Amino acid sequence: MRSPTVLTQLQGIAQQARQHPERVFTTLAHRMDVDFLREAYRRLNKKGAPGLNKVTAADYGEHLEENLADLHQRLRSGSYRAPPIKRVWIEKENGKKRPLGIPEFEDKIVQRAVEMLLSAIYEEKFHDFSHGFRKGHSQHKALHELREQCRQLNINWILIADITGLFDNIDHQKLLGFIRRRVNDGAILRLIGKWLNAGVMEEDRLEYPDKGTPQGGVISPLLSNIFLHYVLDDWFAKEVNPRLKGKCFIIRWADDFIIGLQQETDANRVKEVIPKRFNRFGLELHPDKTALIRFGRPPMNAKSQQKSGTFDFLGFTYYWGRSLKGYPVIKKKTARKRLNRYLKMTWNWCKENRHDPLRDQYQILCAKLRGYYQYFGVRSNYKALEAVYEYTEKAWRYWLSRRSHKGKVLFEILQETFPFPKPRIVHNI
């Protein structure tokens, strides 16, 4: 059950931040009492993997009140110590792996409590074009805004960029300096410092990185947003945009961002200055994922049509196409890499689970298809949905036929008994 007292406190902090945009908050930590920690516990995902001490949410919840009271006492006395983070590796679509940090469950509670306080302040300061890890924002909102900005501002050039290893390269001192501009509570800053220097445990080897915030930490997404707010968002809005001759926009999701520009001269100037800005703060742009692309509206006369490029953002490829009446329109489809990754995953899953009970296989495959439709089910992308639907049927049929000589007949019966959900457009964007 939500705590009305905690919600009232957070609303009050947000109101102060909104009414006094230059105020520096110096007294926040005292608000993290037992009720506040209980609300932080309620907001946590209880299904997450346990940290190094192997304590799960269920284990901690068995004696919740006693545990929270003890935690509160340690926070008040300053004796709370941030435990090392467990590191695991997750495969990426390009075959590489990225690190994921798993804090201990109690540490997640404290991180969530601090995140709640800081979010109440910074949500009033963040720009609307920053969409990652924020309440009320979503990937589909960012996708819709991208299309509308290109169309309304008559954008001709797109600068697409990706920051190399953002979470691994954030400078600790610069980050704390940014936070002090708005929050200068010693207890809060000490907690953040403890998390940044807690260490990472991997295969019985403890390391202490001198930069970066562990991916997977509850507070890490907010810290990265604060860092990029000052490095990119606020700088672009206040320093770059006013100096450009034509119209422009910027949209950011975590460490991926898109800049749309009307004039080529502006595009070249921004392309030149952006890497310098990031280098100043110890960050680099990914050379293969950063490019300037011509993306102007094609003329109605097809014979004199200039070729416009395409670009990928949040799993979609944007391109200029034609409406049913022949007018130029911006369309999007599933990016080739994302589509191929899903098809490969489906094939391997059907192969590895072909001997499981048929009903279980069917339910899981249906859930995978619905999840795919839920994200990629946007206008102009129906062909990709059909391809996924047909390929799932093909993969299941093939691997069912491999488990017995009756597989083909069996699948035809199952098609009538257990039909897969048909493709559908979920988002009208």
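The structure displayed is predicted, hence computed values, not measured ones.

Cut-offs and rules
Residues numbered from 1 in each chain as written. Predicted model: local features only at pLDDT ≥ 70, side-chain atom pairs only at ≥ 80, totals over all residues. Heavy atoms only, no water. Helix = DSSP H or I, 4+ residues; strand = E, 2+ residues; numbered from the N terminus. Buried < 20%, exposed > 50% of the residue type's maximum accessible area, 1.4 Å probe, protein only. Areas by Shrake-Rupley, 256 points an atom, 1.4 Å probe, with all protein chains shown as cover. Pairing = 2+ DSSP bridges. Axes fitted to C-alpha atoms, helices over the stretch in contact; angles between N-to-C directions. Contact = heavy atoms within 4.5 Å. Core = buried A, V, L, I, M, F, W, Y, C linked by side-chain atoms within 4.5 Å. Parallel < 35°, antiparallel > 145°, perpendicular 65-115°, else oblique. Nonpolar A, V, L, I, M, F, W, Y, C, P; charged D, E, K, R; others polar. Phe/Tyr/Trp six-rings, centres within 6.5 Å; stacked < 30°, edge-to-face > 60°. Lys NZ or Arg CZ within 6 Å of the ring centre and 35° of its normal.

Enquirer: Is there a simple way to explain the overall build of the protein chain in this structure?
Expert: A count of helices and strands for the protein chain gives 15 helices and 11 strands. When the backbone C-alpha atoms are referred to their principal axes, the protein chain occupies close to 70 × 65 × 45 Å. Put simply, the protein chain has 429 residues, and 48% of those count as buried. Accessible area of the protein chain: about 22,600 Å², with a carbon and sulfur share of 48%.

Enquirer: Please clarify how the pairing of strand S7 (residues 256–261) should be interpreted in this entry.
Expert: Note on strand geometry: in a regular strand, side chains alternate between the two faces of the sheet. With respect to burial, S7 is a largely interior element, five of its six residues being buried. Here six bridges tie strand S3 (residues 157–162) to S7, and the two strands are oriented antiparallel to one another. Across the sheet, residue Ile-160 finds its bridge partner in S7, namely Ile-258. Looking at chain direction, strand S6 (residues 248–253) and S7 are connected through six bridges and run antiparallel. What sits directly across from Arg-252, in S7, is Phe-257. Between S6 and the antiparallel strand that follows it, S7, lie two residues; Ala-254 among them carries a positive phi value of about 55°.

Enquirer: Would you mind going over the sheet that holds strand S8 (residues 291–294) with me for this structure?
Expert: Picture the strands of a sheet paired through backbone hydrogen bonds; they go either parallel or antiparallel. With respect to topology, four strands assemble into an open sheet ordered S6-S7-S3-S8, the strand pairing being antiparallel. The outermost strands of the open sheet, each flanked by one partner alone, are S6 and S8. The mean inter-strand angle of the sheet, taken between neighbouring strand axes irrespective of direction, is 15°. Strands in contact with helix H6 (residues 139–152) are S3, S6 and S7; relative to S6, the strand with the most contacts, it is inclined by about 165°. The sheet strands contacting helix H10 (residues 220–240) are S6 and S7, and the helix crosses S6 at an angle near 175°.

Enquirer: Mind showing me how you'd approach the environment of Leu-28 here?
Expert: Along the chain, the position of Leu-28 falls in the loop between helix H1 (4–19) and helix H2 (34–43). In this structure Leu-28 comes out as buried when scored by relative accessible area, which is 1%.

Enquirer: Help me understand the nonpolar core in this model?
Expert: Soluble globular proteins tend to bury their nonpolar side chains together. If you look at the biggest cluster of nonpolar residues, it comprises 77 residues, and the most contacted ones within it are Ile-109, Phe-257, Ile-274 and Phe-278. Phe-311, Cys-350, Leu-358 and Tyr-372 belong to the second-largest nonpolar core, a separate cluster that totals 48 residues.

Enquirer: Sorry if this is basic, but what is going on with the packing of helix H8 (residues 172–180) against H10 here?
Expert: Packed helices, taken two at a time, are described by the angle between their axes plus the distance between the axes. One way to put it is that H8 packs onto H10 with a least axis distance of 10 Å and a crossing angle of 80°. With respect to each other, H8 and H10 are oriented roughly perpendicular. The segment H8 lies against H10, with Lys-174, Leu-175, Phe-178 and Ile-179 engaging Leu-223, Ile-226, Phe-227, Tyr-230 and Val-231. Within the contact of H8 with H10, the residues separate by chemical class into eight nonpolar, no polar and one charged.

Enquirer: Where do I start with the packing of aromatic side chains in this structure?
Expert: Each aromatic ring pair is specified by the distance between its two centres and by the angle formed by the two planes. The tally for this structure, following the rule as stated, stands at 22 aromatic pairs. Aromatic ring contacts, followed pair by pair, group Phe-316, Tyr-342, Tyr-372, Tyr-375 and Phe-376 into a single cluster. Looking at Lys-46, its charged tip hangs above the ring of Tyr-41, at a distance of 4.7 Å from the centre. One residue, Lys-333, lies across the ring of Tyr-319, its end atom 5.3 Å from the ring centre.

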